[in-house]
Amino acid sequence: MEIRRNQERNIAVEVKDLKYTYSKGLPYEKEALVSVNLLVFEGEAIGVLGHTGSGKSTLIQHLNGILMPDSGEVKIFGEKINNDKKFLKNLRKIVGIVFQFPEDELFAETVYEDVSFGPKNLGLTKEEIDERVLTSLIEVGLNESYLTRSPFSLSGGEKRRVAIASILSMRPKILVLDEPTSGLDPLGREEILKLIKRLKNDKKVTIILVSHSMEDVLSLVDRVYILNKGKVVFGGDTVSIFKDKDSIEKFDLSIPEIFMLGEELKKEGFNIEEPFRDVEIAKKEIIRNLK
Amino acid sequence: MIELKNVSFSYYLPEKVDVIKNINLIVNKGEFLVIIGRNGSGKSTLGRLISFILEPTEGEIIIDDKKPKIDIDYIDIRKKIGMVFQNPDNQIVSQIVEEDIAFGLENLNYSEEEIENKIDEVINEVNLAEYRKFPPNFLSGGQRQKLAIAGILVMEPQYLVLDEPTSLLDPKGRKDVIELIKRLNKEGITIILITHRMEEAVLGDRVLVLNEGEIFLEGKPEEVFKEVEKIRSVGLSPPVFTYLSYLIKKENINIDIKLWKLEEIKKEILQLKLKI
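Residues numbered from 1 in each chain as written. Chains lettered and ligands numbered in written order. Predicted model: local features only at pLDDT ≥ 70, side-chain atom pairs only at ≥ 80, totals over all residues.

*Asks:* Please set out the overall build of chain B residue by residue, giving values where relevant.
*Replies:* Each helix and strand counted, chain B has eleven helices and nine strands in total. Taken over the C-alpha trace, chain B has a radius of gyration of 21 Å; the compact-globule value for 276 residues is 19 Å, and the two agree within 12%. The 276 residues of chain B split such that 45% are buried. (Helix = DSSP H or I, 4+ residues; strand = E, 2+ residues; numbered from the N terminus. Rg over C-alpha atoms; globule rule 2.2 N^0.38 Å. Buried ≥ 20, exposed ≤ 12 C-beta atoms within 10 Å, placed from the backbone.)

Set out below in structure tokens:
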């Protein structure tokens, strides 16, 4: 995919011809990334789609140096990721990764301890740490009353939000989320989606979303990359991908029904200004046509 | 038939936590029952109680007129009821697809021929025959979940409990697994499906909404999901077009709140447009 380089926008992430093989040299070596190229602008939200085993997880582990490329390179705000300890420490402040089921990684006795764990390693004062913990909790829709609670006494959705808060307390400029809504109930899911939108719109955080949920992708991201067998096989603007029946079929995606309704009504002569990316937009557009 | 009589389940943290509170429920043979509820509502615990993985703290569960004991009647239970979980990789135990399917049979004194026959039958049922000699990690997520189901089916259970079996799968895998579940139900297996996906919940003959360990709503999908405000008050949301019709109605436009199919709601909205 060719993306026009926009001089006005900073490039947050640039991945060039990235290759990675697990267990290299052993009989069961597995080529996870064959050649991946991608570009993410600052403040943008992109989606990475692909089947289980397509290389999505391997790719995101390269974005904060958990894995180092066999060949090719990964640049974050123009700086090439390398093995230098100081560099990596700084990198992990910039790139926050929320792995799948992040609540499984909660370990402390109180929410405060969990969320403050990252900032405590940054050499901040107690006041600065406390301030970060509280603002991160508020960002994810929780409040002061949670500070002293045990993470294990919380609901699934709350635990997930505490886990995200513990990443946000590092104030990342780039936030990578791997299946952030999987296993959540519908309202828990709505809350997480709202949170990610807020981070993008109000805090200008660059978002990289890995997801199987077409609804989440449609509602959140501007552009999509599709990974297959360790390569980017397709990419483009989210709405145009969902309009393109061929690529939907070819890559086993599914079109959310709410989006289809918008397209159908448009064909019937409705004045649709905004594609139906979620139910709220659909309502707004339909009401305008009916009044 | 499975009957739950005044079933409760609690654990100690060390203070007592009541997960399931005095539930009475009958699951009829051949039924497709869906259980929904927010995270922490007790769904998975209820699923584990129904499939005799957990024993109730109070009350009793009767399956086909018997009250089996988990520790004593283990094999009889597994021949009657199986449970499938979210992550297929936690349920796959062998290095080769056919061995994995046969795993449950190996201690049951079947002859090799009988085992072969049973594998044949089940592997065709789940459409994995061409992968018979492959390692499971060669399969896609959806195929691995079908393999996990095959490992249960080989015991020929009449009841199958599935706890969010599609939540980790991509759209194709999800569709495949749901098609399989529907087919198994048509063939007479009783299905108890726990899910967060409302488009799956509408497939059931009956939907049970669990909240804080109690039955909050129960009925046919079209009855349950009409109750939009009630459903949303317990952390859930109805299927997207039901919710859309609810939002439109709130703007004083006369539209039914029900389970709409795409074509139906489109027609309805076009009709509404003609009236203005």
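*Asks:* I'd like a rundown of the nonpolar core, residues and numbers included.
*Replies:* Counting residues in each nonpolar core, the largest one holds 152 residues, and the members touching the most others are A:V176, A:L209, B:I35, B:A150, B:I192 and B:V209. The residues contacting B:V209, other than those within four sequence positions of it, are B:I36, B:G37, B:F216, B:L217, B:V224, B:I231, B:V234 and B:L236. (Core = buried A, V, L, I, M, F, W, Y, C linked by C-beta atoms within 7 Å. Contact = placed C-beta atoms within 7 Å.)

*Asks:* Explain unusual backbone geometry residue by residue, including any values.
*Replies:* Positive phi, normally seen in glycine, also occurs at A:K229, with a value near 45 degrees. Tracing the sequence through the fold places A:K229 in the loop between β9 (223–228) and β10 (231–237). A:K229 gets classed as partly exposed once you count the C-beta atoms within 10 Å, which come to 14. The backbone of B:D64 sits at a positive phi, close to 45 degrees, despite the residue not being glycine. Within the element layout of this structure, B:D64 appears in the loop between β4 (58–63) and α2 (74–80).

*Asks:* Please provide a residue-by-residue account of the sheet that holds strand β2 (residues 16–27) of chain B, values included.
*Replies:* All names here are of chain B. In spatial order, the strands read β2-β1-β4; together these three strands make up an open sheet with antiparallel pairing. Across the chains shown, the open sheet's two edge strands, defined by having one partner strand only, are β2 and β4. Strand-to-strand twist in this sheet, taken as the mean axis angle between neighbours without regard to direction, amounts to 25 degrees. Both strand β1 (residues 2–12) and β2 contribute to a ladder of eight bridges, which runs antiparallel. Directly across from I2, in β2, lies its bridge partner V27. (Pairing = 2+ DSSP bridges. Axes fitted to C-alpha atoms, helices over the stretch in contact; angles between N-to-C directions.)

*Asks:* Break down the sheet that holds strand β9 (residues 214–219) of chain B for me, citing the residues and quoting the values.
*Replies:* All names here are of chain B. The six strands are arranged β5-β6-β7-β3-β8-β9 in an open sheet whose pairing can be described as mixed. Only two strands of the sheet have a single neighbouring strand rather than two, namely β5 (81–84) and β9. When strand polarity is set aside, the average angle formed by the axes of neighbouring strands in this sheet is 20 degrees. Pairing of strand β8 (residues 206–211) with β9, which is carried by five bridges, proceeds in the antiparallel orientation. By the bridge assignment for β9, L208 is matched with E218. Across the sheet, helix α1 (residues 43–50) lies against β3 (32–36), β5, β6 (159–163), β7 (190–194) and β8, angled at about 155 degrees from β7, the strand it touches most.

*Asks:* Report on the interface of chain B and chain A, specifying residues and quantitative values.
*Replies:* Between chain B and chain A, the residue contacts involve 33 residues of the former and 32 residues of the latter. Taken together, the elements giving at least two residues each to the side of chain B that touches chain A come down to α6 (171–186), α10 (240–250) and α11 (262–275) of chain B. Among the elements that line the side of chain B that touches chain A, the one with the most residues is α11(B), at seven residues.

*Asks:* Quick one: what's the story with the confidence of the model for chain A, residue by residue and with numbers?
*Replies:* Atom-level detail of predicted coordinates should not be read off regions where pLDDT is low. Scored by pLDDT, chain A has a mean of 92; 98% of the residues are at 70 or more. Per-element mean pLDDT across chain A ranges from 84 in helix α9 (residues 245–250) of chain A up to 98 in strand β8 (residues 206–210) of chain A. (pLDDT = per-residue confidence, 0-100.)

*Asks:* Please give an account of the environment of A:E42 that cites residues and values.
*Replies:* Tracing the chain through its elements places A:E42 in the loop between β2 (30–41) and β3 (45–49). Once residues lying within four places of it in the same chain are set aside, the contact partners of A:E42 are A:R9, A:N10, A:A12 and A:T206.

*Asks:* Can you break down the pairing of β9(A) residue by residue, with the values?
*Replies:* Residues and elements named next belong to chain A. Counting buried positions along β9 yields five of six residues, so the element is predominantly enclosed. Two strands pair when backbone bridges link them, and β3 and β9 are joined in this way by four bridges, in the parallel orientation. Residue pairing in the sheet places I46 in a bridge with R223 of β9. Alignment of β9 against β10, held across six bridges, turns out to be antiparallel.

*Asks:* With reference to specific residues and values, describe the packing of helix α5 (residues 141–153) of chain B against α6(B).
*Replies:* Residue and element names in this part refer to chain B. Contact geometry of α5 with α6 gives a least axis separation of 8 Å together with a crossing angle of 25 degrees. By the angle between their directions, the pair α5 and α6 is classed as roughly parallel. Here G141, G142, Q145, K146 and I149 of α5 come into contact with α6, specifically with K172, G173, R174, D176, V177 and L180. Of the residues belonging to the contact of α5 with α6, the class tally is three nonpolar, four polar and four charged. (Parallel < 35°, antiparallel > 145°, perpendicular 65-115°, else oblique. Nonpolar A, V, L, I, M, F, W, Y, C, P; charged D, E, K, R; others polar.)

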